[in-house]
Amino acid sequence: MRPRLALAATAILLTVPAPALAGEERAFDVEGGRLSTAVPVISRQGGVSISVADAALWNARVRPVRGRMPIDKAIRRLLAGTDARAVRVSTTSWRIERRPAPQRARAAPAPRQTPQPRAREPANDVVAAASETIIVTASKTDLPYSHFAGVVTQLDGGDLAFGGERGMDSILSRTATVSSTHLGPGRNKLFIRGIADSSFTGPTQATVGQYLGDIRLSYNAPDPDLRLYDIDNVEILEGPQGTLYGAGSLGGIIRVVPKAPDPRGPMVQAIAGVSLTQHGDPGGDIAGIANLPVGDDGHALRLVGYMITDGGYIDNPLRGQTDINRVHIRGGRGTFRLEAGNGWAIDIGGMYQAVTSDDAQYADKDAPPLTRRSMIEQPAKTRYGLATLVTMKDWGDLRFQSSNAFIDHRLSERFDASLPAREGSGGGGPNTAMGAVDVARLFAPITITPSRDVPRRLDQHNATRMFASENRLWRPYHDGLGWVVGASFIANRARQDREYAYGPLRTPLPGVTNRITEWTGYAEATTELLPGIIASGGLRLSHVRLGGMAEDVPFDLAEAGRATTASRHETDLLPSASLMATPLDNLRLYARYQEGFRPGGLAVDGNFVRRFLNDRVQTWEAGVRFGDRRLTLLDATLSVSYSRWQNIQADFIDSNGFPTTANIGDGRITSVSGALAVRPSEALTFEVGAVYNHSRVDDLSPQILPVFAAAPARLGRIPNVASHAVRGSANYATMVGDQDVRINGWASYVGPSRLGIGPVLGESQGDYVDTGLAMRIGNERRGLSLTLTNLFDSRGNRFSLGTPFVEGNAGFMTPLRPRTLRIAIDVAY
């Protein structure tokens, strides 16, 4: 971190006002009735998460709660006269459990005096991970996890921020089944459970659906890598989620739930850190969070702002530069909640994030560690803007929500496309390892022929605009029944432009614009057929209109391809079904069938634009779950899934050396995943998770057979997903004096994978170990943190793509960030 940034961070921390007192009051208006109906209402109005440990309590009759009061008093008033009690799990989480039966009195010696327990036990500082007592809000019916047939991972927002905010890397380091490419922040693609298509961000829709609350973040753009400040939790649903979430959820969904505005009282939090990277430059981060009640009617405003600088660690001796790959991230988020009365609430929000990478993240395999020889700089810029309007209404047993958003997402990238010097070079001849490109043709509009020893670059610009709207009505699960019906509309426009630049000279390359309009209706219901037997079924009908055009293509070629770019329509029907049985306490067996799809589109192919078709995934899954880590010594999950993937949309290198998109054929994927958590004491928890993926493309499309003719054996597995991965962690929390002490260590192994489809992108990657250790001492108001990542300073190879436009593509690697130490302070007022 530069000295001025460090001084600014310190100054901001020293000028934050005094802490707010606990127990602020909040307005409640909760109807009496069944607990299953009251919990979602009091949870939302109180701004806390509430779980129910005993499923039989869902039918308990509770009292109404009205007026202004602290959340603990509201919950106690709700449960008065019942067999239930409320236990505080953390500052924002409560658990409702059955009250212990009173023991029969008996004669005994007078008990000796024992110390009273602390007001805040160490175990309560650690929010437990997902178990059957947690409500799966991503199910859209507030379904208890005990009734959900599938694999759900819930990550607490405080755990994700512990040790420093790292965006999507925080999620990747905590799950074995989620993987990513590693071009750089704001440029990556995410994959879940082996459903992966390619290394590039092209016109294909993402295979993982990403959501901020109920707002869809993107359609066919890369992961925006939003920073996870002030987040309540993250839910990951594995496997196709087509019935509830539609197109683009072939592998699953990642749903980030931000903290809601809280009218109980003002709050300000500040976080600042300094990081030192071995072999590289220092960095720093600073963030501020504010919650401001507005008036006395339950209105509130919540604001988040942050600045992050990650120091570079890659050297480029060819240009005499060191630590070239510094990354700058700036962003903010705001939400205003309007309590409109009569059960209506309106959230008006927005966010913006800018990511600027000074240079690319890759190095050369055959060079000294952490170096590469590039003739030009390769910066990248990402700009992501989001505006949201969410309307909510409670009608007793029914809920309604309308979620609307406008997204503007822009990505600019530069790739090194220099032509290496050769003796006797002249016009023409091969310029890349991936195919022959006629230089004179590429620069046809220019009257001079460039020399082969001068740097050349390829600039690519992606611009995406999307409007998304979803309206749904649902009955939260209780009394053996829950259901949801909804409709959604999406209009997405994505444009990609490319050009070569050679000094001051530029020449455009063919680009493409894709327009997609999607109308959808869906419904799903969950019912208890017999005691301990839960069944779910649903259906989604989607109608998609596809259109687009070629960009920067000669008029005669555009006219010849007019039929290709004409508007067309697709209709898809996506069913789902599941069954869950509970033969023994804490033992659950389930089976599930689900489908997912992605619409087709247009892709650049040489000087032409051509169509690619929609693809579809069908998945059969079975699994078992045992235990509850909050009630038992251990809990475990195991799932096995088999998927058939038809008309796989994937990117590969065409005969001219450019990435393009096509339907490469059909494939199959078998995935086995499991997780185990052991809690030997209240203060100590061990977790381990693993996944095995076996994939194969077994029916190659005839149109791309020539691409693989030279190396048919390289087709093999579906790319970018490790055949196996393992993650383990240990968490220890205790109290020393009046200070909380927490230590968390983790290690993950990512097995080998392939960069892409075909002979050119068949390079190996992966097969590395990543480690980290984080600790914090303090309390709810102040804390000092220390984090050390990549403990053994290993290199690894996260991603084998550097630039696809120069010779030596086989010699690229993206190393792990070297050993990095971060020291941070946080204060809350």
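None of these values were measured; they are calculated from a predicted model.

Enquirer: For this particular structure, what's the right way to read the overall build of the protein chain?
Expert: Secondary structure summary: the protein chain contains 10 helices and 44 strands in total. Classification of the 829 residues of the protein chain by burial places 57% in the buried group. A fraction of 69% describes how many contacts in the protein chain between residues 6 or more apart in sequence connect residues 24 or more apart.

Enquirer: What's the story with the pairing of strand β40 (residues 739–754) in this structure? I'm lost.
Expert: Taken residue by residue, a regular strand's side chains alternate between the two faces of the sheet. Looking at chain direction, strand β39 (residues 724–736) and β40 are connected through 12 bridges and run antiparallel. The residue bridging N731 from the neighbouring strand is N744, located in β40. A loop of two residues connects β39 with β40, the two strands running antiparallel in sequence, and G737 in this loop sits at a positive phi of about 65°. One ladder, built from 14 bridges, connects β40 with strand β41 (residues 764–778); its direction is antiparallel. Within the sheet, the bridge partner assigned to P752 lies in β41 and is G766.

Enquirer: Teacher, can you tell me more about the environment of D156 here?
Expert: For D156, the position within the fold is in strand β10 (residues 152–156). With 75 residues separating them along the chain, D156 and I231 place their C-alpha atoms 8.0 Å apart. Within the local environment of D156, its side chain forms a polar contact with the backbone nitrogen of G158, the two atoms lying 2.9 Å apart.

Enquirer: Is there a simple way to explain unusual backbone geometry in this structure?
Expert: Positive phi, close to 50°, is recorded for D323, a residue that is not glycine. Exposure remark for D323: the relative accessible area of 15% places this residue in the buried category. For N790, which is not glycine, the phi torsion reads 50° and is therefore positive. In this fold, N790 is placed in the loop between β42 (782–789) and β43 (812–813).

Enquirer: Would you explain the sheet that holds strand β16 (residues 252–258) in this entry?
Expert: The pairing of strands in a sheet comes from backbone hydrogen bonds and takes either a parallel or an antiparallel form. Spatially, β10-β15-β16-β13-β14 is the arrangement adopted by the five strands of the open sheet, whose pairing is mixed. This sheet does not close on itself; its edge strands, each paired only once, are β10 and β14 (215–216). Here strand β13 (residues 208–212) runs beside β16; their pairing, made up of five bridges, is parallel. In the strand pairing of β16, Q210 is matched with I254.

Enquirer: Hey, could you run me through the nonpolar core in this one?
Expert: As a rule of thumb, soluble globular proteins bury nonpolar side chains together. Counting 47 residues, the largest nonpolar core has I171, Y229, V234, I236, I254, Y306 and L386 as the members making the most contacts within it. Of all hydrophobic cores here, the second largest spans 24 residues; its members include L35, V48, V52 and V65.

Enquirer: Explain a nonpolar patch on the surface here, please?
Expert: Nonpolar side chains collect at one region of the surface, where Y732, I743, L773, M775, I777, L784, L786, I823 and I825 lie side by side and expose about 710 Å² of accessible area between them. Of all the secondary structure elements, the ones that give two or more residues to the nonpolar patch are β41, β42 and β44 (820–828). Within the secondary structure, I743 sits in strand β40.

Enquirer: Please explain the side chain of T513 as it appears in this structure.
Expert: Mapped onto the elements, T513 comes out in strand β27 (residues 505–530). Beyond its immediate chain neighbours, meaning those up to four positions away, T513 contacts R493, A494, R495, G547, G548, M549, E551 and L602.

Enquirer: I would appreciate a short explanation of the packing of helix α2 (residues 35–46) against helix α3 (residues 71–79) in the present structure.
Expert: For any two helices packed against each other, the geometry is given by the interaxial angle and the distance between the axes. Running from N to C, α2 and α3 cross one another at 170°; their axes reach a closest spacing of 11 Å. Viewed along their axes, α2 and α3 adopt a mutual orientation that is roughly antiparallel. Across the interface between the two elements, L35, A38, I42 and G46 from α2 touch I71, A74, I75, L78 and L79 from α3. Of the residues that constitute the contact of α2 with α3, the class distribution is eight nonpolar, one polar and no charged.

Enquirer: Can you walk me through the packing of aromatic side chains in this structure?
Expert: Two aromatic rings are characterised by how far apart their centres lie and by the angle between their planes. Within the structure shown, the criterion is met by nine aromatic pairs. Of the aromatic side chains, those joined through ring pairs into one cluster are W344, W395 and F400. When the ring centre of Y362 is taken as origin, the NZ or CZ atom of R372, which lies over that ring, is 4.4 Å away. The ring centre of W474 lies 4.4 Å from the NZ or CZ of R472, which sits over that ring.

Enquirer: What is the right way to look at the pattern of salt bridges in this model?
Expert: Close approach of charged atoms allows side chains with opposite charge to pair. Under the defined criterion, the tally for this structure stands at 45 salt bridges. With a closest N to O distance of 3.7 Å, R255 and D214 form a salt bridge. Linking R255 in strand β16 with D214 in the loop between β13 and β14, this pair joins segments that are 41 residues apart in sequence. Exposure remark for R255: the relative accessible area of 7% places this residue in the buried category. Here D225 ties to R227 by a salt bridge, and the two come within 2.7 Å at their closest N and O atoms. In this pair, the class of D225 matches that of R227, namely buried.

Enquirer: In this structure, what is going on with α2? I would like to understand it.
Expert: Side chains of residues three or four places apart in an α-helix project in the same direction, reflecting 3.6 residues per turn. For α2, with 12 residues, the first-to-last C-alpha span of 15 Å sits near the 16 Å given by 1.5 Å per residue. Among the 12 residues of α2, 11 are classified as buried, and the element is accordingly described as predominantly covered. Of the positions making up α2, those classed as buried are L35, S36, T37, A38, V39, V41, I42, S43, R44, Q45 and G46. Just downstream of α2 lies G47, where phi reads positive at about 65°.

Enquirer: Any chance you could explain the confidence of the model for the protein chain here in plain terms?
Expert: Any segment with low pLDDT has predicted coordinates that should not be analysed in fine detail. Scored by pLDDT, the protein chain has a mean of 82; 82% of the residues are at 70 or more. Under a pLDDT of 50 for its full length, residues 102–133 has, in the predicted model, 46 contacts with residues more than four places off or in other chains. Within the model, pLDDT remains below 50 along residues 422–452, and this stretch shows 55 contacts once partners closer than five positions in the same chain are excluded.

Enquirer: Help me understand α3 in this model?
Expert: For α3, the complete set of buried residues consists of I71, A74, I75, L78 and L79. Around the axis of α3, the buried residues are gathered within 125° of arc, so they sit on the same side. Positioned one or two residues after α3, G81 has a phi angle of 85°, which is positive.

Enquirer: I keep staring at the environment of N647 and nothing clicks. Help me out?
Expert: Tracing the chain through its elements places N647 in the loop between β34 (634–646) and β35 (649–653). Not counting the four nearest positions on each side in its chain, N647 is found in contact with N614, D615, N663, G665 and D666.

Cut-offs used in this document
Residues numbered from 1 in each chain as written. Predicted model: local features only at pLDDT ≥ 70, side-chain atom pairs only at ≥ 80, totals over all residues. Heavy atoms only, no water. Helix = DSSP H or I, 4+ residues; strand = E, 2+ residues; numbered from the N terminus. Buried < 20%, exposed > 50% of the residue type's maximum accessible area, 1.4 Å probe, protein only. Contact = heavy atoms within 4.5 Å. Pairing = 2+ DSSP bridges. Polar contact = N/O pair within 3.5 Å; in protein donor to acceptor, adjacent residues only side chain to side chain. Core = buried A, V, L, I, M, F, W, Y, C linked by side-chain atoms within 4.5 Å. Patch = residues over 30% accessible without salt bridge, like charges linked within 9 Å, V, L, I, M, F, W, Y side chains within 5 Å. Areas by Shrake-Rupley, 256 points an atom, 1.4 Å probe, with all protein chains shown as cover. Salt bridge = Lys/Arg side-chain N within 4 Å of Asp/Glu carboxyl O. Axes fitted to C-alpha atoms, helices over the stretch in contact; angles between N-to-C directions. Parallel < 35°, antiparallel > 145°, perpendicular 65-115°, else oblique. Nonpolar A, V, L, I, M, F, W, Y, C, P; charged D, E, K, R; others polar. Phe/Tyr/Trp six-rings, centres within 6.5 Å; stacked < 30°, edge-to-face > 60°. Lys NZ or Arg CZ within 6 Å of the ring centre and 35° of its normal. Expected span 1.5 Å × (residues − 1). pLDDT = per-residue confidence, 0-100. Arc of directions from axis to C-beta.

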